[in-house]
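# Chain and residue survey
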There are 2 protein chains.
Amino acid sequence: MILTITMNPSVDISYPLNKLVINDINRVTNVKKTAGGKGLNVTRGIKYSGIPVLATGIIGGTTGQYIQKELDNDKIAYNFYVTQQESRNCIAILHEGNQTEILESGPVLDDQDVSVFFQHYQSLLSQSKVITISGSLPQGFPNDFYARLIAQANKHQIPVLLDSSGKVLLQTLRLKDKPFLIKPNKDELQQIIQMDIDANDPHSLMKAVSHPLLDNITYVIMSLGKNGAFARCHNRCYQISIPNINVVNPVGSGDVTLAGLAVSIHENENIEVMLKRAMTMGMLNAMESQTGFVNMNHFDKYFQKVTVTAMM
Amino acid sequence: MILTITMNPSVDISYPLNKLVINDINRVTNVKKTAGGKGLNVTRGIKYSGIPVLATGIIGGTTGQYIQKELDNDKIAYNFYVTQQESRNCIAILHEGNQTEILESGPVLDDQDVSVFFQHYQSLLSQSKVITISGSLPQGFPNDFYARLIAQANKHQIPVLLDSSGKVLLQTLRLKDKPFLIKPNKDELQQIIQMDIDANDPHSLMKAVSHPLLDNITYVIMSLGKNGAFARCHNRCYQISIPNINVVNPVGSGDVTLAGLAVSIHENENIEVMLKRAMTMGMLNAMESQTGFVNMNHFDKYFQKVTVTAMM
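All values reported here derive from a predicted model rather than from experimental measurement. (Residues numbered from 1 in each chain as written. Chains lettered and ligands numbered in written order. Predicted model: local features only at pLDDT ≥ 70, side-chain atom pairs only at ≥ 80, totals over all residues. Heavy atoms only, no water.)

### Brief notes about the relation of the copies chain B and chain A
Once chain B is rotated about the relating axis by 180 degrees and shifted along it by 0.0 Å, it coincides with chain A to within an RMSD of 0.0 Å. Look at the turn and shift together and you get a two-fold axis relating the two. No C-alpha of chain B approaches the rotation axis more nearly than that of B:T62, which lies at 2.5 Å. Mapped onto chain A, 97% of the interface residues of chain B are again interface residues, and the two copies thus contact each other with one and the same surface. (Least-squares fit on C-alpha atoms with pLDDT ≥ 70 in both. Contact = heavy atoms within 4.5 Å.)

In structure tokens, the structure reads:
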């Protein structure tokens, strides 16, 4: 089973408006509310792939109950640590071709929550073969919290796939216990290793994924949007190219790419299949309007069109 | 006891932002979520006045549970008809001196809900001495629904105070069973009676509140903002003047004004006290930042400053 970790889930609300009128009342009838958070998109991607998956993290209050209700509707298994504090709403106003987002920071938790969630996490390890961690930490959690989760997983020889960025990713990479895989995009990796990356120069790409800060991380998958990805596995690098596709909504594509990687690791697939699976999942999501959704009927068609080239 | 009716309550969410950046991500930490809907402000105003009050209406889903939780915190008694459908969120983005609102229309209910709520309402009548009805109807409810509630209350000799506007108010006033009191503001009344009202001309004001469409409504209280109000009780008119105050947040002032009117009717106060009480409540609310809140410690001071003049 794959365990997915979403520490700060949300109820994502979208408001489609013809026009957003500032300093006035905007009435909206066609409201969509879904269970959000990067890790929940990963969970969906894994479930579409037919692999057993359990979602965990922290939810709370009536917003947390709404998240559970949505996951029940989607028949997704979960075992969250539940607090009294309300989970957050994330608002997307879709107006005049714009997407204006208002993201709540979510509940402020305390040391007690940190320690109780850690125990909760430990209780789930015996069932887990692969773990994914996605997104931001709740307010009040220490920056090294993901490193603690990874250290514990490493003790049990469970590979951890980490999709984080900024301070939290940097803090995690500086510590002794390494994730098995990271999946930054070019900008996120540039920020971490503090060097400019030229996406058209294989030497620049190789230098980036082989940066000393990334030592002892088995897989580094750098996504390059429509240019595919560049990956390092142990000491070998791979260029991945994808076909042109009709992008409808790219939100969540990185998350279902991570789902593809987790599925491959869970199924012991070889590196070529793994990279092709991951890219295919990301493309399938980008071709749909619904965030985190993939139509697996198109999987084989696009899987065939991804090419993986080992760099000599 | 006073029964307050709020057919379409909401969770009101306010997002204070230094700047609302269009087509980008706006992160917000200082989020406030409260139980909203005009009728719930009326309920609060009555409770601050120390009179027993029960809130009813329709709530549903996890948003409905949040509303109940907030009312529990405020120690407000309620007995809602509960559906599976999610109650609505109403968003206020406070940015650069603007208040940009996004109001969800709320759940779409059906004939079954109409009839079950009506039964629920009937079961509460025996305890009720006064009834207030505020705000809009849920989608799916017929425009004459408030008229049905009023007809039933009239059968039991329970006076109904109606605070509605537009199509629903017009439809209600055209039917045989009249509310005991209505409290439109100048614009709302103009829309209903289709005539221009000159707030500085007592004859215009008298003509407006004596319009044939308002026949058989015992009290018509037309609010005029900082110019106070103009009222008709049976065939007699009253000009009400209020002192200058420091307006902090006028939202909800009309609702607690209605609360003051309901309290007076419940307590059989005379017309002068009733009008002064109502205006005082509205002012006390406008001087506070919190919607629907009044500081009753200042009640006597402002009550003394309201003047009521009977028109000869």
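So that's the structure; there's more coming.
### What to know about empty space enclosed by the protein
Applying the stated criterion across every chain, the model contains 2 cavities of 30 Å³ or more. When its volume is computed, the largest cavity comes out at roughly 170 Å³. If you go around the largest cavity, you meet 16 residues; those closest to its centre are A:T63, A:N89, B:T62, B:T63 and B:N89. Elements supplying a minimum of two residues to the lining of the largest cavity: β2 (10-17) and α2 (61-73) of chain A together with β2 (10-17) and α2 (61-73) of chain B. Tallied by class, the residues present in the lining of the largest cavity amount to 6 nonpolar, 6 polar and 4 charged. Counted as a void, the second largest cavity has a volume near 40 Å³. Taken together, the residues that form the lining of the second largest cavity break down as 6 nonpolar, 2 polar and 1 charged. (1 Å grid on protein atoms, 1.4 Å probe; cavity = no way out; pocket = protein on both sides within 12 Å on 5 of 7 lines; lining within 4 Å. Points joined across faces, edges and corners; volume = space filled by probe spheres on them. Helix = DSSP H or I, 4+ residues; strand = E, 2+ residues; numbered from the N terminus. Nonpolar A, V, L, I, M, F, W, Y, C, P; charged D, E, K, R; others polar.)

### Considerations on helix α9 (residues 271-286) of chain A
Between its first and last C-alpha, α9(A) extends 23 Å over 16 residues, near the 22 Å set by a 1.5 Å rise per residue. With 14 of its 16 residues buried, α9(A) lies for the most part within the structure. (Expected span 1.5 Å × (residues − 1). Buried < 20%, exposed > 50% of the residue type's maximum accessible area, 1.4 Å probe, protein only.)

### Considerations on the packing of helix α8 (residues 253-266) of chain A against α9(A)
Any two packed helices are characterised by the angle at which their axes cross and by the distance between the axes. Residues and elements named next belong to chain A. The geometry of α8 relative to α9 is characterised by a closest axis approach of 7 Å and an angle of 150 degrees between their N-to-C directions. One finds that α8 runs roughly antiparallel with respect to α9. You can see that α8 and α9 cross each other, and the crossing is right-handed. Between α8 and α9, the contacting residues are S253, V256, T257, G260, L261, V263, S264 and I265 on the first element and V273, M274, R277, A278, M279, M281, G282, N285 and A286 on the second. (Axes fitted to C-alpha atoms, helices over the stretch in contact; angles between N-to-C directions. Parallel < 35°, antiparallel > 145°, perpendicular 65-115°, else oblique. Left-handed = near helix turned anticlockwise from the far one by under 90°.)

### As for the packing of aromatic side chains
Residue and element names in this part refer to chain A. According to the stated counting rule, one finds 16 aromatic pairs over all chains in the structure shown. Ring geometry for Y48 and F293: centres 5.4 Å apart, planes at 85 degrees, overall edge-to-face. Here Y48 is found in helix α1 (residues 38-48), whereas its partner F293 is found in the loop between α9 and α10 (299-305), with 245 residues between them in sequence. Residue Y48 is classed as partly exposed on the basis of its relative accessible area, which comes to 31%. (Phe/Tyr/Trp six-rings, centres within 6.5 Å; stacked < 30°, edge-to-face > 60°.)

### Concerning the pairing of β2(B)
Taken residue by residue, a regular strand's side chains alternate between the two faces of the sheet. Residue and element names in this part refer to chain B. Burial analysis of β2 places 6 of its 8 residues in the buried class, the great majority of the element. Bridge count for β2 against strand β4 (residues 32-36) is 5 bridges, and the pairing is antiparallel. By the bridge assignment for β4, S14 is matched with K32. Alignment of β2 against strand β7 (residues 88-95), held across 8 bridges, turns out to be parallel. (Pairing = 2+ DSSP bridges.)

### With respect to the pattern of salt bridges
Charged atoms that come close allow side chains of opposite charge to pair. Residue and element names in this part refer to chain A. Using the criterion set out here, one finds 20 salt bridges over all chains in the structure. For the salt bridge of D144 with R148, the shortest nitrogen-to-oxygen distance reads 3.5 Å. In this structure D144 comes out as partly exposed when scored by relative accessible area, which is 22%. When its relative accessible area of 37% is taken as the criterion, R148 is described as partly exposed. Shared partners join several salt bridges into a network, and the residues in it are K38, D163 and D255. (Salt bridge = Lys/Arg side-chain N within 4 Å of Asp/Glu carboxyl O.)

### Concerning the sheet that holds strand β7 (residues 88-95) of chain A
Taking strand neighbours across the sheet as the criterion, the 5 strands line up as β4(A)-β2(A)-β7(A)-β8(A)-β3(B) in an open arrangement whose pairing is mixed. A strand with exactly one partner marks an edge of an open sheet, and here the two such strands are β4 (32-36) of chain A together with β3 (25-28) of chain B. Here the average twist between neighbouring strands, direction ignored, is 20 degrees. Taken together, the 4 bridges between strand β8 (residues 98-104) of chain A and β3(B) define a ladder with parallel strand orientation. Along β3(B), the bridge assignment pairs A:E104 with B:V28.

### Digging into the packing of helix α3 (residues 111-124) of chain A against helix α4 (residues 145-155) of chain A
All names here are of chain A. For the pair α3 and α4, interaxial distance at closest approach is 11 Å and the crossing angle is 30 degrees. One element, α3, and the other, α4, form an angle in the roughly parallel class. With respect to the hand of their crossing, α3 and α4 are arranged in right-handed fashion. Where α3 approaches α4, its residues V114, F117, F118, Y121 and Q122 are matched on the opposing element by F145, R148, L149, I150, Q152 and A153. Here the contact of α3 with α4 is built from residues that sort into 8 nonpolar, 2 polar and 1 charged.

### Examining the sheet that holds strand β3 (residues 25-28) of chain A
Taken in spatial order, the 5 strands line up as β3(A)-β8(B)-β7(B)-β2(B)-β4(B) in an open sheet, and their pairing is mixed. Both edges of this open sheet fall to β3 of chain A together with β4 of chain B, since each of them pairs with a single strand only. Strand-to-strand twist in this sheet, taken as the mean axis angle between neighbours without regard to direction, amounts to 20 degrees. In this fold α2(B) packs onto β2, β4 and β7 of chain B, with an angle of close to 90 degrees to the strand it touches most, β4(B).

### Regarding helix α3 (residues 111-124) of chain B
Residues and elements named next belong to chain B. With 14 residues, α3 should cover 20 Å at 1.5 Å per step; its first-to-last C-alpha distance of 20 Å lies within 8% of that length. Three or more residues of α3 are buried, namely D113, V114, F117, F118, H120, Y121 and L124. Seen along its axis, α3 keeps its buried residues to an arc of 165 degrees; they face one direction. The exposed set on the far side of α3, more than 90 degrees from its buried face, consists of D111 and Q112. (Arc of directions from axis to C-beta.)

### Comments concerning the interface of chain B and chain A
On the chain A side, the residues contacting the 36 residues of chain B number 35 residues. Between chain B and chain A, roughly 2800 Å² of surface is buried when both sides are summed, and carbon and sulfur atoms account for 53% of that area. Of all residues in chain B, B:T62, B:I102 and B:L103 give up the largest surface area on contact with chain A, accounting jointly for 18% of the area buried on that side. Applying the counting criterion to the chain B and chain A interface returns 4 salt bridges. A salt bridge links A:K69 to B:E86; the shortest N-O distance between them is 2.7 Å. Here the element with the most residues in the side of chain B that touches chain A is strand β8 (residues 98-104) of chain B; it accounts for 7 residues. Taken together, the residues that form the side of chain B that touches chain A break down as 14 nonpolar, 15 polar and 7 charged. (Buried area = accessible area lost by both parts, 1.4 Å probe.)

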